[in-house]
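Each chain is listed here by its residues.
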Amino acid sequence: MATEQNKLPAIISHCKEYGFIFPSSDIYDGLSAVYDYGQWGVELKKNIKDTWWKSMVYMHENIVGLDSAIFMHPTIWKASGHVDNFSDPMIDNLDSKKRYRVDHLIEGFAEQLAANSEEASKAILVSMDQLLSNDDFAGLKQLIIDHKIKCPISGTCNWTDVRQFNLMFSTQLGSVADDSDTIYLRPETAQGIFVNFLNVQKSGRMKIPFGIAQIGKAFRNEIVARGFIFRMREFEQMEMQFFVRPGTQKEWYESWKTTRMQWHLDLGIPAEKYRFHDHVKLAHYADAACDIEYDFPMGFKEVEGIHSRTDFDLTQHQLYSKKKQVYFDNDIDETTGKPYGNYVPYVIETSIGLDRTILLVLSEAYTEEDLSTPEKQDSRVVLKFPNKLAPIKLAILPLMKKDGLSEIAKELMNECRESFFCFYEEKDSIGKRYRRMDALGTPFCVTIDHQTKEDGTVTIRYRDSMEQERINMSDVRNKVMEALK
Ligand code: GAP
């Protein structure tokens, strides 16, 4: 049985064995921090995307979608601050040749120290925060030396100086090297939304407050990429920028905090598995920010960020593109009795990692159960996904291929497949097929047997309770539909 400590390795191997997630380029021994989604992973991913899209776009009449390109004009990244600021201070160990993010290295040391002295641990974190906020790289190295912080691989203190590394991937646009421009793979989807703000506002006749939502790939050359799909170099984000009147951003920020936390709870995940973490050190563009953290197998970590981004991004794009990014607000300001007029809107952003959400859902669903009886040792691995997220909703299993049972099963398959994803299987014993469906997280299995031919009933088996009951075959579709509501 997997303990909390080895739950993540157990999930990783389950995902590979059952076709959820594979290391990228597996037959070439993989590519660090890059993963491929297999036949069931891709369904899980799609269901999570659909749930988010429905809640953000379909449930809000003032939010619309967008799918902007990954490649964008390089000046966008200058304007957004990514060229100059999207970097982390790093340090290399000369013996192990391993590179570390300085804050991660010091935090790891402080965590160990906390077992003996909470105070000493806190003191080192306070010093680190001060040095980081002053970009004092020499001071950070001195802190590492003074505390004799060792490389976890080589065990030595043979460190280089602390240096900044930009996390954006770059490539060349154009076929002739001399003429080509350096462009970047976007490190966030948000900028695609900002640069389309006026296109969407004008073409959609959107009135403030309104939002633009987008799901898409983002790329970051993470130096320390670890934790399976928690920190990847190629990943997906689900982001929404909500444009508001200046002065109302605090209210909207609080309102989006509540709405987004409710989305997480609506996945059926208990409230104690989540917490907010308010940022003390704010990014250059924000006047308030927090993370929604989930209790992953490796502890509480960020899954979503909610940021009050002020008018920073639109103002920067106005400056660099020399195109006005203003909105005319003809609502009447009660204090002046006049329209609010022209302004650059303020923005509240909600930004959630799709892959991190998948890890969250897998961590919550992965369960090992001991089913031993005095007569027999037995166990099962079951993925207890919420019904709406399960890759397969219904497995249709004829007891045997012959005697016309598979024909009846296929009839049921044809009746249901338009409404939800069904899986048909006739190989192996029924017990083995149930266990396989448990491992894939299928909430309902239906068995067609000889009695079906006589009275039109089937056995329906429920994943979590493993209970079985006899129902009319004609009721199966509605029963599953009801459970998906
Ligand atoms: N536009 C704002 C933004 O990108 P962020 O906090 O850097 O903010 C938002 O990223 C979310 O994207 C994070 O909360 C996380 O879920 C996800 N994310 C960021 N870097 C990631 C990575 N390397 N691998 C997987 N997910 C990542």
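About the cut-offs
One numbering rule holds for all chains: residues counted from 1, following each sequence as written. Given that the model is predicted, a residue must reach a pLDDT of at least 70 before its local features are reported, and side-chain atom pairs must reach 80 or more before they are shown or counted; all residues, however, enter totals for whole chains, interfaces and linings. Note that the side-chain values use all heavy atoms of the structure and ignore hydrogens as well as water. Helix and strand labels come from DSSP, where a helix needs a run of H or I of at least four residues and a strand needs a run of E of at least two; each type is numbered from the N terminus. Summary of the burial criterion: residues with accessible area below 20% of their type's maximum are buried, those above 50% are exposed, and those between are partly exposed, where the area comes from a 1.4 Å probe applied to protein chains only. Here, two residues are considered to be in contact whenever any of their heavy atoms come within 4.5 Å of each other. Accessibility throughout is a Shrake-Rupley quantity obtained with a 1.4 Å probe, and a residue counts as covered only by protein chains that appear here. Positive: Lys, Arg. Negative: Asp, Glu. His and the chain ends are not part of the count. Charge placement uses NZ in Lys and CZ in Arg. For Asp and Glu, CG and CD serve respectively. Near is defined per residue: the residue qualifies when any heavy atom it owns lies within 4 Å of the molecule or strand. Within 3.5 Å is the distance limit for a polar contact, defined as a pair of N or O atoms, with the added protein rule that one can donate a hydrogen and the other accept it, and that residues adjacent in sequence qualify only through two side-chain atoms. A fitted line through C-alpha atoms represents every axis, and for helices the fit uses only the stretch in contact; the resulting angles, taken between N-to-C directions, go from 0 to 180 degrees. Roughly parallel means an angle under 35 degrees; roughly antiparallel means over 145; roughly perpendicular covers 65 to 115; every other angle is labelled oblique. A helix is expected to span 1.5 Å for every residue after the first. Starting at the helix axis, one direction is taken to each C-beta atom, and the arc is that of these directions. An automatic or database domain assignment provides the domain bounds reported here. One side-chain nitrogen of Lys or Arg within 4 Å of one carboxyl oxygen of Asp or Glu is enough to make a salt bridge. Classification convention: Asp, Glu, Lys, Arg as charged; Ala, Val, Leu, Ile, Met, Phe, Trp, Tyr, Cys, Pro as nonpolar; all other residues, Gly among them, as polar. Should DSSP find at least two bridges between two strands, the strands are taken to pair. Among buried residues, those of type Ala, Val, Leu, Ile, Met, Phe, Trp, Tyr and Cys that are joined through side-chain atoms within 4.5 Å constitute a nonpolar core.

> Mind showing me how you'd approach the overall build of the protein here?
Tallying secondary structure elements over the protein gives 16 helices and 23 strands in all. Expressed as lengths along the three principal axes of its C-alpha atoms, the size of the protein is roughly 75 × 65 × 55 Å. Looking at the protein as a whole, 49% of its 485 residues are labelled buried. Within the protein, counting contacts between residues at least 6 apart in sequence, those at least 24 apart form 64% of the total. Carbon and sulfur atoms provide 50% of the accessible area of the protein, an area that totals close to 24100 Å². Averaging the positions of the 60 positive and the 73 negative side-chain charges in the protein gives two centres separated by 2 Å.

> When you look at the site of the ligand in this model, what are you seeing that I'm missing?
Residues in close proximity to the ligand total 20 residues, the closest being Glu188, Met232, Glu239, Glu302 and Val303. Interatomic distance of 3.4 Å between a backbone N/O atom of Phe230 and a nitrogen atom of the ligand. At 2.5 Å from an oxygen atom of the ligand is found a side-chain nitrogen or oxygen belonging to Glu302. Protein contact buries 92% of the 560 Å² of open area that the ligand shows by itself. Mapped onto the shell around the ligand, the elements with two or more residues apiece are strand 10 (234-244), strand 13 (299-308) and strand 16 (346-353). Of the residues forming the shell around the ligand, the biggest block, five residues, is contributed by strand 13.

> Would you mind showing me how to read the packing of helix 1 (residues 7-17) against helix 12 (residues 354-365) here?
A pair of packed helices is captured by two measures, namely the crossing angle of their axes and the spacing between those axes. Here helix 1 crosses helix 12 at 105°, and the two axes come no closer than 11 Å. When the axes of helix 1 and helix 12 are compared, the pair comes out roughly perpendicular. Residues Lys7, Leu8, Ile11 and Cys15 of helix 1 pack against Leu359, Leu362 and Ser363 of helix 12.

> Is there a simple way to explain helix 10 (residues 249-266) in this structure?
In an α-helix, one full turn covers 3.6 residues, which means residues spaced three or four apart are oriented alike. For helix 10, which comprises 18 residues, the first-to-last C-alpha distance of 25 Å matches the rise-based estimate of 26 Å (1.5 Å per residue) to within 8%. The set of residues buried in helix 10 consists of Gln249, Tyr253, Trp256, Lys257, Arg260, Met261, Trp263 and His264. Buried residues in helix 10, looked at end-on, bunch into an arc of 150°, giving them a common side. Looking at helix 10, the residues exposed on the side facing more than 90 degrees away from the buried face are Glu251 and Thr258. Once helix 10 ends, the next one or two residues include Gly268, with phi positive near 90°.

> What is the right way to look at the domain arrangement of the protein in this model?
By a widespread convention, an interface's size corresponds to the accessible area lost as its parts come together. If you check the domain split of the protein, you get domain 1 (7-85 + 169-363), domain 2 (87-163) and domain 3 (392-484). Of note, the centres of domain 1 and domain 3, computed from C-alpha atoms alone, are 39 Å apart. Each side of the interface is counted separately: domain 1 has five residues, and domain 3 has seven residues. Counting the contacts that link domain 1 with domain 3 gives zero salt bridges. The residue inventory of the side of domain 1 that touches domain 3, partitioned by class, reads three nonpolar, two polar and no charged.

> What is the right way to look at the sheet that holds strand 4 (residues 87-92) in this model?
Strand pairs in the sheet, formed through backbone hydrogen bonds, run parallel or antiparallel to each other. One open sheet accounts for three strands, arranged 5-4-6; its pairing is antiparallel. Looking along the sheet, the strands with just one partner apiece sit at the ends: strand 5 (99-101) and strand 6 (163-166). Each strand axis lies, on average, 50° off the axis of its neighbour in the sheet, ignoring direction. Two strands pair when backbone bridges link them, and strand 4 and strand 6 are joined in this way by four bridges, in the antiparallel orientation. Pairing of Met90 across the sheet is with Arg163, part of strand 6.

> Explanation requested: helix 1 in the structure shown.
The complete set of buried residues in helix 1 reads Lys7, Leu8, Ala10, Ile11, His14 and Cys15. Down the axis of helix 1, the buried side of the element spans an arc of 160°, and every buried residue falls inside it. Buried positions along helix 1 lie against strand 1 (21-23), helix 12, strand 17 (366-370), strand 18 (379-383) and helix 14 (430-440).

> Where do I start with the pattern of salt bridges in this structure?
Pairing between side chains becomes possible if they bear opposite charge and their charged atoms approach one another. Going through the model one piece at a time under the given rule, you end up with 31 salt bridges. Note that Glu236 is salt-bridged to Lys45, the shortest N-O span being 2.8 Å. Residue Glu236 is located in strand 10, and its partner Lys45 is located in helix 2 (residues 41-58); the two are separated by 191 residues in the primary sequence. The burial state of Glu236 is the same as that of Lys45; both residues are buried. A salt bridge links Lys485 to Glu482, with the nearest nitrogen and oxygen atoms 3.4 Å apart.

> Would you take a moment to explain the side chain of Thr189 for this structure?
Relative to the helices and strands, Thr189 resides in the loop between strand 8 (181-184) and helix 8 (190-194). Polar side-chain contacts of Thr189 include one of 2.6 Å to the side chain of Glu239. Once residues within four sequence positions are removed from consideration, Thr189 is found in contact with Gln214, Gly216, Lys217, Gln237 and Glu239.

> Is there a simple way to think about the nonpolar core in this case?
The tendency in soluble globular proteins is for nonpolar side chains to be buried side by side. Residues Phe20, Ile21, Leu44, Trp52, Ile358, Leu362 and Phe385 are the most contacted members of the largest nonpolar core, which totals 64 residues. The leading source of residues in this core is helix 12, at seven residues. Each of domain 1 (7-85 + 169-363) and domain 3 (392-484) accounts for three or more of the residues forming this core. Trp52 has contacts with Ala213, Gln214, Ile215, Met238, Glu239, Met240, Arg260, Trp263 and Ile352, leaving out every residue within four places of it along the chain. Ranked by size, the runner-up nonpolar core spans 21 residues in total, among them Met413, Cys416, Ile448 and Val476.

> How should I be thinking about the side chain of Arg186 in this particular structure?
By the element assignment, Arg186 lies in the loop between strand 8 and helix 8. Here Ala69 takes part through its backbone oxygen, which lies 3.4 Å from a polar atom of the side chain of Arg186. Beyond its immediate stretch of four places on either side in the chain, Arg186 contacts Ser68, Ala69, Ile70, Met72, Trp77, Gln214, Gly216, Lys217, Ala218 and Phe219.

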